[in-house]
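Residue-level listing of the chains:
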Amino acid sequence: MSFLSPDYPEILYDRDEGEVNASFRPASTPPDYVAPDGAAFHYLSTKLTTNGLYGLYQNRLTGQIGGTSPHFHKTMSESFYVLSGEIHIFDGERWFDASRGDYFYIPPGGVHSFGNISGEPAEFLMLFAPGAAREGYFEGLADVATMTEEERAAFFVRHDSFFTDMTKGPAADSWQDRAALRKSFKTR
């Protein structure tokens, strides 16, 4: 017999007594990964630590101009919540600037892209649901340029990232050109 309202998910914990199993991560914790461009990734909750329910990552971009080309995911949704600075986002139809407090949700299959064209640092949360092991993707991006086209395409498929141009992946677009045109499409 279920006591939950039908709009709740299935019960994940079926014991009658709660247990002590929470985790805490202080703000002073160093990043889990720092990319060659200086971007810092904090693996707040991973597929492993949430038993696959979701993955939550805090990303701190330097002021370096760059981003990813349009892509979609087949197995998970992705959400962004901007903590500081500004990121440039594509929702499949239009580009816009997202700043502190803005939230962006992409369901599975939703074409999207994001990057930094402001020249200033930006910080945001990324939430993937259900959880996926995105750590391997973030850390593997540094080696994409040294891969053959076949290796690169296999890397993207293995990490559920389907780009318009799978041989180039996230580097298919020129973010330098986009930044140079910033004034013509500035939305804020």
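Above this text is the structure in question.
First things first, this report covers the structure right here in the doc. Since the structure is predicted, the reported quantities are computational estimates derived from the model, not experimental observations.

Parameters and conventions
- Residues numbered from 1 in each chain as written.
- Predicted model: local features only at pLDDT ≥ 70, side-chain atom pairs only at ≥ 80, totals over all residues.
- Heavy atoms only, no water.
- Helix = DSSP H or I, 4+ residues; strand = E, 2+ residues; numbered from the N terminus.
- Buried < 20%, exposed > 50% of the residue type's maximum accessible area, 1.4 Å probe, protein only.
- Contact = heavy atoms within 4.5 Å.
- Lys, Arg positive; Asp, Glu negative; His and termini not counted.
- Charge placed at Lys NZ, Arg CZ, Asp CG, Glu CD.
- Core = buried A, V, L, I, M, F, W, Y, C linked by side-chain atoms within 4.5 Å.
- 1 Å grid on protein atoms, 1.4 Å probe; cavity = no way out; pocket = protein on both sides within 12 Å on 5 of 7 lines; lining within 4 Å.
- Points joined across faces, edges and corners; volume = space filled by probe spheres on them.
- Nonpolar A, V, L, I, M, F, W, Y, C, P; charged D, E, K, R; others polar.

Here we take up the overall build of the protein. A tally of helices and strands in the protein yields four helices and twelve strands. Dimensions of the protein, computed from the C-alpha atoms along their principal axes, are close to 60 × 40 × 35 Å. Split into buried and exposed, the 188 residues of the protein put 39% on the buried side. For the protein, the share of sequence-separated contacts (at least 6 apart) that also reach a separation of at least 24 residues comes to 63%. Looking at the protein, you have 16 positive and 26 negative side-chain charges, and the mean spots of the two groups are 6 Å apart.

With respect to the helices and strands, Ala145 occurs in the loop between helix H1 (134-140) and helix H2 (149-158). Note on Ala145: relative accessible area 70%, which makes it exposed.

Right, let's talk about the nonpolar core for a bit. Core analysis: the biggest nonpolar cluster contains 30 residues, and Phe41, Phe80, Ile87, Ile89, Met126, Phe138 and Phe156 have the highest contact counts within it. Here this core gets four residues from one element, more than from any other, and that element is strand E11 (residues 122-129). Once residues lying within four places of it in the same chain are set aside, the contact partners of Ile87 are Leu61, Phe80, Val82, Phe96, Asp97, Ala98, Gly115, Ala122 and Phe124.

Attention now goes to the layout of surface pockets. As a volume, the largest pocket reaches approximately 920 Å³. Taken together, 36 residues make up the lining of the largest pocket; nearest its centre are Asp37, Gly67, Thr68, Leu141 and Pro170. Sorting the residues of the lining of the largest pocket by element identifies strand E3 (55-61), strand E4 (66-67), strand E10 (113-116), E11 and H1 as the ones contributing at least two each. Of the residues belonging to the lining of the largest pocket, the class tally is 19 nonpolar, eleven polar and six charged.

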